[in-house]
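Overview (structure and organization)
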Amino acid sequence: MADENNAELVFVPLGGVGEIGMNFALYGFGPPNAREWIVIDVGVTFPGPDLPGVDLVLPDIRFIEERLDDLRGIIITHAHEDHYGALLDLWPRLKAPVWMTPFSAGLLEAKRAAEAKSLKVPVEIYKAGSTFEVGPFSIEAIGVTHSIPEPVSLAITTPVGTVIHTGDWKIDPAPTLPPLIDENRFRELGQKGVAALICDSTNALREGESPSEEAVGEGIRGVIEKAPGRVAITTFSSNVGRIKSVAEAALATDRQVLVLGRSLKRVIDVASDLGYLEGLPPFIGEEDYGYIPRDKVVILCTGSQGEPRAALAKLARDEFRNVALSPGDIVIYSSRTIPGNEKPILETKNLLIEQGVRIVEDSDALVHVSGHPRRSELRRMYEWVKPQIAVPVHGEAAHLMGHAQLARDCGVTDVPKVRNGDMVRLAPGPSKIIDQVPIGRVLKDGRLIGDEVATGVRDRRKLSFAGHVAVNVVLDDRYELAGDPDLVAIGLPESNGRGDEFEEVLLDAAIGAFDSIPRQRRKDLDLVSEAVRRAVRSSANEVWGKKPIVTVFVTR
C-alpha cells in the first residue's frame with residue numbers, strides 16, 4: 001500500500017470529460033512519487049466522417065501504461081459501449097484485474113465470442129451493495145437506475161476521504177427492471193462526509209425530471225394499439241428494460257415479436273440467462289414472419305442511429321429475404337439521436353417514408369426516455385450527498401458548465417473546471433489542478449489499432465477528397481522512355497472542362513516533365529520520380545482545382 005505520508009487522492013480523466021463517450025477515468029492515491037491507481041470504465045466513442053473506414057475511437061492510455069506496476073485494478077460501472085467498449089482491445093495493454101457486474105461480464109464474454117477474440121479477460125464479479133478492496137481503495141457499489149441492467153455508482157474510499165463516482169444514472173420511480181436508486185445509501189454516505197462527487201452531466205441542461213420507463217412502456221403500447229398494420233421499433237440494443245417494455249406491450253396488444261439484429265439477439269441471450277426477461281413469450285423467427293397477419297406482429301430491430309448495416313437500414317432498403325414493411329406500417333424510434341448521427345438517421349427515415357411507412361418519435365408520443373438525470377434529479381443527488389467538491393463529467397463543454405453552475409446553486413463552493421488530461425487533487429484540502437497528462441485518441445481500424453498515421457487514415461482522408469493517380473515510367477538503357485508511361489487515376493473526373501480525357505491530360509504532363517530533364521540527370525531515378533509526381537499534381541490542380549495523391553514508379 002502507498003505510504004500515507006503526504007498522500008493525496010487525485011482524479012485524472014483520459015476521456016469522457018469535454019465530450020460524451022470514451023469514458024476512461026483514473027483515480028490515484030499516495031504521495032506524488034508513489035501513487036497507486038485504479039481505472040473506472042474503459043469506453044469508446046464512434047468515428048465521424050472525418051475518419052473514413054475507422055470502426056471505433058479509443059482513448060490514448062499511454063499515461064497509465066507508463067505506470068502499470070502501480071495499476072491495481074479496473075472497475076466497470078455498466079456495459080454501455082462508451083463505458084466498457086474498449087476493454088477487449090485495451091486490456092492486453094493493461095493486464096490488471098477487472099471487476100464487473102454479472103450482466104456486464106456476460107455481455108463482455110458474448111462480445112469476445114462474436115469478435116473471435118482468443119484472449120479472455122479475467123473478471124471478478126461484484127453486485128450492487130458489494131464492497132471490495134482494490135489496492136489502497138475501498139470500493140462500494142451503489143445501485144442506481146439507468147437504461148441497462150445492473151448500473152452502479154461507486155463510493156471510493158481512501159484514508160484521506162471518500163469520493164462518489166456516479167457513472168450513468170437517473171432517478172426512476174417505476175423502472176421496468178429493478179432496483180430503484182439506493183437513495184438511503186447516498187444519504188448515509190453524505191452524512192458521513194463526501195469529499196467529492198464526480199457526476200454525470202449528460203442532461204444537465206434539461207429542466208425537470210425524466211419520465212419513468214413504465215410510462216414509456218405505456219406510450220409504446222398506446223401507439224401499437226392504434227396501429228392498423230405492422231409496427232417496427234428500434235432502440236439501443238443494450239436497453240434491456242426497453243426490450244422488456246416492448247415485449248410486454250406486444251403481449252398486451254396480442255402481437256408477437258420478431259427480433260432483427262445481432263447485437264439485440266446477443267443482449268437478449270445474456271439478459272435471458274440472468275432472468276431479466278422471465279415470463280415473456282418466446283420471440284419468433286424470420287421464417288415465421290410471412291405467416292403472421294400484419295396487425296399481429298412487432299419487429300424489434302437495431303439501427304436507431306442510422307447504421308447502414310443495421311436491421312432498420314436493411315428494412316428501409318428492402319434487403320431482407322423474408323421480412324418487409326408495407327405502406328401504412330409504423331416505425332417507432334425509441335431512442336435519442338447521438339450527436340453526429342443526424343444525417344444517416346434522416347437518410348433511413350426518408351427511405352422508410354418513401355415506402356409509405358409512418359415514423360413515430362418521442363416528439364409524437366412518449367416512446368423514449370433518457371437514462372441520465374435532468375436538473376431536478378441532479379439537485380436531489382446534491383441534497384443527498386452534500387459533497388465538498390463537485391466535478392461535472394460525462395458531457396460536452398455546455399453540459400459541464402451548466403452542471404457546474406447548478407452545483408454552485410446547490411451550495412457547493414468548490415467546483416473546479418476539469419477537462420480530459422487534467423490531474424485534479426480531491427483530498428486532502430480543497431481541489432486543485434496540479435498537473436496535465438498526455439491524452440489523445442487511438443483508432444481501431446479493422447483488426448489494427450493505431451494513430452492516424454499508423455492506420456493510414458490521414459492519407460485515406462486525402463484520398464476521399466482528391467483521389468489517387470498511379471504512374472509507371474519505364475526507361476530503356478539510354479534513359480529514354482521505353483514507351484508511354486502507364487497512368488491510372490482513381491477517384492478523379494473522367495474529363496476536363498473541354499471534354500478531354502483527364503488521364504490523357506495527366507499523361508501529357510508526366511511525359512512533358514520527363515522530357516524536360518537532361519539525359520545525364522535521368523540516371524537519378526528518384527529525381528525522375530519526383531519531377532513526374534509534381535507535374536501530375538500541378539496539372540490536376542490547374543485543371544480541376546484539387547491535388548490528388550500521386551505515386552510514381554520508375555524502372556529501367
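For the structure itself, consult the block above.
So, a few notes on the structure that sits alongside this text. Here the structure is a predicted model, which means the values were calculated and not measured.

**Considerations on the overall build of the protein**
The helix and strand tally for the protein stands at 16 helices and 25 strands. For the protein, the residues scored as buried account for 54% of the 556 residues in total. Here the contacts in the protein between residues at least 6 apart in sequence split such that 71% fall between residues at least 24 apart. Between the averaged position of the 64 positive side-chain charges in the protein and that of its 80 negative side-chain charges there is a distance of 2 Å.

**Quick word on a negative patch on the surface**
On the surface, a cluster of negative charge is made up of Asp-484, Asp-486, Glu-494, Glu-501, Glu-503, Glu-504 and Asp-508. If one sorts the elements of the negative patch by residue count, helix 15 (residues 502–515) sits on top with three residues.

**Quick word on the packing of helix 15 against helix 16 (residues 525–544)**
Between helix 15 and helix 16, the least distance of the axes is 8 Å, while the angle of their chain directions is 140 degrees. By the angle between their directions, the pair helix 15 and helix 16 is classed as oblique. For the element pair helix 15 and helix 16, the recorded crossing hand is right-handed. Taken together, the residues of helix 16 that come into contact with helix 15 (itself represented by Phe-502, Val-505, Leu-506, Ala-509, Ala-510, Ala-513 and Phe-514) are Val-528, Ala-531, Val-532, Ala-535, Val-536, Ser-539, Ala-540, Val-543 and Trp-544. In terms of residue class, the contact of helix 15 with helix 16 is made up of 15 nonpolar, one polar and no charged.

**Structural notes on the pairing of strand 18 (residues 389–393)**
In the case of a regular strand, side chains alternate between the two sheet surfaces. The element strand 18 is extensively covered by neighbouring structure, given that five of its five residues are classed as buried. Burial along strand 18 is two-sided: Ile-389, Val-391 and Val-393 and Ala-390 and Pro-392, pointing in opposite directions, are all buried. In terms of strand pairing, strand 12 (residues 196–200) meets strand 18 through five bridges, oriented parallel. Residue pairing for strand 18: Cys-199 is matched across the bridge by Pro-392.

**Observations regarding the side chain of Arg-185**
In this fold, Arg-185 is placed in helix 5 (residues 183–192). Polar side-chain contacts of Arg-185 include one of 2.9 Å to the side chain of Glu-188. For Arg-185, the residues in contact, after removing those within four places along its chain, are Glu-140, Ile-142 and Lys-192.

**Things to note about the packing of helix 5 against helix 11 (residues 375–385)**
In contact at an axis separation of 6 Å, helix 5 and helix 11 are set at 50 degrees when each is read in the N-to-C sense. In terms of their interaxial angle, helix 5 and helix 11 are classed as oblique. For the pair helix 5 and helix 11, contact is made by Glu-183, Phe-186, Arg-187 and Gly-190 and by Arg-380, Met-381, Glu-383, Trp-384 and Val-385, respectively.

**What about the side chain of Thr-455?**
Among the secondary structure elements, Thr-455 is positioned in helix 13 (residues 452–455). Assessed through its relative accessible area of 13%, Thr-455 is described here as buried. Only 3.5 Å separates the side chain of Thr-455 from the backbone oxygen of Glu-452, close enough to count as a polar contact. If we skip the residues at most four places from it in the chain, Thr-455 touches Leu-443, Asp-445, Ile-449, Gly-450 and Arg-460.

**Here's the deal with the sheet that holds strand 8 (residues 131–134)**
A sheet is described by the order of its strands in space; here six strands give the open sequence 8-9-10-11-12-18, paired in mixed fashion. What marks the edges here is a single partner per strand, and that holds for strand 8 and strand 18. On average, each strand axis in the sheet is inclined to that of its neighbour by 20 degrees, with strand direction left out of account. Against the sheet, helix 11 engages strand 11 (161–165), strand 12 and strand 18, with an angle of about 160 degrees to strand 12.

**Comments concerning the state of the cysteines**
Linking two cysteines covalently via their sulfur atoms produces the bond known as a disulfide. For the structure shown, the criterion picks out zero disulfides. Of all cysteine sulfurs, the one in Cys-199 lies closest to Cys-410, which takes part in no disulfide; the gap is 10 Å. Its relative accessible area of 32% is what places Cys-410 among the partly exposed residues.

**Quick look at the pairing of strand 4 (residues 56–59)**
Alternating residues of strand 4 divide into Leu-56 and Leu-58 and Val-57 and Pro-59, and every residue in both groups is buried. In this structure, strand 4 lies alongside strand 21 (residues 441–445), joined through four bridges in antiparallel fashion. Directly across from Val-57, in strand 21, lies its bridge partner Leu-443.

**Quick look at the packing of aromatic side chains**
Counting across every chain of the model gives seven aromatic pairs. Look at Trp-37 and Phe-63: their rings are 5.5 Å apart centre to centre, the planes differ by 90 degrees, and that puts the pair in the edge-to-face class. In this pair, Trp-37 sits in strand 3 (residues 36–40) while Phe-63 sits in helix 1 (residues 62–65), placing the two residues 26 residues apart along the sequence. The buried category is assigned to Trp-37, whose relative accessible area is 3%. Judged by relative accessible area, Phe-63 falls into the buried class, the value being 4%. The interplanar angle of 40 degrees and the centroid separation of 5.2 Å between the aromatic rings of Tyr-126 and Phe-132 together place this pair among those described as tilted. The exposure class of Tyr-126 is buried, given its relative accessible area of 2%. Here Phe-132 falls in the buried class, since its relative accessible area comes to 11%. Cluster of aromatic residues (ring-pair linked, three or more members): Trp-99, Tyr-126 and Phe-132. Against the face of Phe-465 rests Lys-546, its NZ or CZ located 4.4 Å from the ring centre.

Cut-offs and rules
- Residues numbered from 1 in each chain as written.
- Predicted model: local features only at pLDDT ≥ 70, side-chain atom pairs only at ≥ 80, totals over all residues.
- Heavy atoms only, no water.
- Helix = DSSP H or I, 4+ residues; strand = E, 2+ residues; numbered from the N terminus.
- Buried < 20%, exposed > 50% of the residue type's maximum accessible area, 1.4 Å probe, protein only.
- Contact = heavy atoms within 4.5 Å.
- Lys, Arg positive; Asp, Glu negative; His and termini not counted.
- Charge placed at Lys NZ, Arg CZ, Asp CG, Glu CD.
- Patch = residues over 30% accessible without salt bridge, like charges linked within 9 Å, V, L, I, M, F, W, Y side chains within 5 Å.
- Areas by Shrake-Rupley, 256 points an atom, 1.4 Å probe, with all protein chains shown as cover.
- Salt bridge = Lys/Arg side-chain N within 4 Å of Asp/Glu carboxyl O.
- Axes fitted to C-alpha atoms, helices over the stretch in contact; angles between N-to-C directions.
- Parallel < 35°, antiparallel > 145°, perpendicular 65-115°, else oblique.
- Left-handed = near helix turned anticlockwise from the far one by under 90°.
- Nonpolar A, V, L, I, M, F, W, Y, C, P; charged D, E, K, R; others polar.
- Pairing = 2+ DSSP bridges.
- Polar contact = N/O pair within 3.5 Å; in protein donor to acceptor, adjacent residues only side chain to side chain.
- Disulfide = S-S within 2.5 Å.
- Phe/Tyr/Trp six-rings, centres within 6.5 Å; stacked < 30°, edge-to-face > 60°.
- Lys NZ or Arg CZ within 6 Å of the ring centre and 35° of its normal.

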